[in-house]
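Descriptive analysis of the structure
One-letter residues, chain by chain:
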Amino acid sequence: MLVPVSGVELGEDHEGWAVVVLTGEADLYLAPALRECVDALVAEDRARIVVDLEHVTFMDSSALGVIVYGLRRTRTLGGALRLAGPGTQVRRLLELTRLGEAVEVFADAASACREPER
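Note that the structure is a prediction, hence the values are computed from the model and not measured.

Rules behind the numbers
- Residues numbered from 1 in each chain as written.
- Predicted model: local features only at pLDDT ≥ 70, side-chain atom pairs only at ≥ 80, totals over all residues.
- Heavy atoms only, no water.
- Helix = DSSP H or I, 4+ residues; strand = E, 2+ residues; numbered from the N terminus.
- Buried < 20%, exposed > 50% of the residue type's maximum accessible area, 1.4 Å probe, protein only.
- Areas by Shrake-Rupley, 256 points an atom, 1.4 Å probe, with all protein chains shown as cover.
- Lys, Arg positive; Asp, Glu negative; His and termini not counted.
- Charge placed at Lys NZ, Arg CZ, Asp CG, Glu CD.
- Pairing = 2+ DSSP bridges.
- Axes fitted to C-alpha atoms, helices over the stretch in contact; angles between N-to-C directions.
- Salt bridge = Lys/Arg side-chain N within 4 Å of Asp/Glu carboxyl O.

Of the regular secondary structure elements, the protein chain holds four helices and five strands. Reading the helices (α) and strands (β) of the protein chain from amino to carboxyl end gives β-β-α-β-α-β-α-β-α. Dimensions of the protein chain, computed from the C-alpha atoms along their principal axes, are close to 45 × 25 × 25 Å. Relative to its full complement of 118 residues, the protein chain shows a buried share of 44%. Surface exposure of the protein chain reaches about 6,700 Å², of which carbon and sulfur atoms provide 52%. Put simply, the protein chain has 12 plus and 19 minus side-chain charges, and the middle of one group is 8 Å from the middle of the other.

Right under this line is the structure:
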């Protein structure tokens, strides 16, 4: 039996955007790694971040909290944080919390990187 592994991976930059790929369950156990990734990017003055959620099967409030944290950190530096490819469960969570109104959400990472900033 295969056990899905949750993780945070830094993908290749696209169009000046740093792409952070999440896999598995974005929960209490994954949130610290996501926060560390955001902090590392911001420390390198890379304040344009796309969080790719295409392979996320579940998200809880701790991961949402890190997304809000990342949104604030990037905006402070004149950048932005975008979400890409959320599945049904994640999209519903974004709607329920109204976080989808505060952060730009795209169908996929490529679209998030191509779209000009507002």
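After that view, the rundown keeps rolling.
As a further point, take the sheet that holds strand E2 (residues 18-26). Two pairing modes exist for strands in a sheet, parallel and antiparallel, and in both the strands are linked by backbone hydrogen bonds. Strand order in the open sheet formed by five strands is E1-E2-E3-E4-E5, with mixed pairing between adjacent strands. Unpaired on one side and paired on the other, strand E1 (7-10) and strand E5 (104-106) mark the two borders of the sheet. If you compare each strand with its neighbour and ignore which way they point, the axes differ by 25 degrees on average. Pairing geometry for E2 and strand E3 (residues 48-59), over eight bridges, is parallel.

This part takes up the pattern of salt bridges. Throughout the structure, instances matching the rule amount to five salt bridges. One salt bridge in this structure joins Glu 104 and Arg 82, with 3.1 Å as the shortest N-O distance. With Glu 104 in strand E5 and Arg 82 in strand E4 (residues 80-84), this residue pair connects regions lying 22 residues apart in the sequence. Comparing Glu 104 with Arg 82, the two get one shared label, buried. In this structure, Arg 92 engages Glu 95 in a salt bridge whose closest nitrogen and oxygen atoms are separated by 3.6 Å. Pair noted here: Arg 92 and Glu 95 are both in helix H3 (residues 88-97), with a separation of three residues, about one helical turn.

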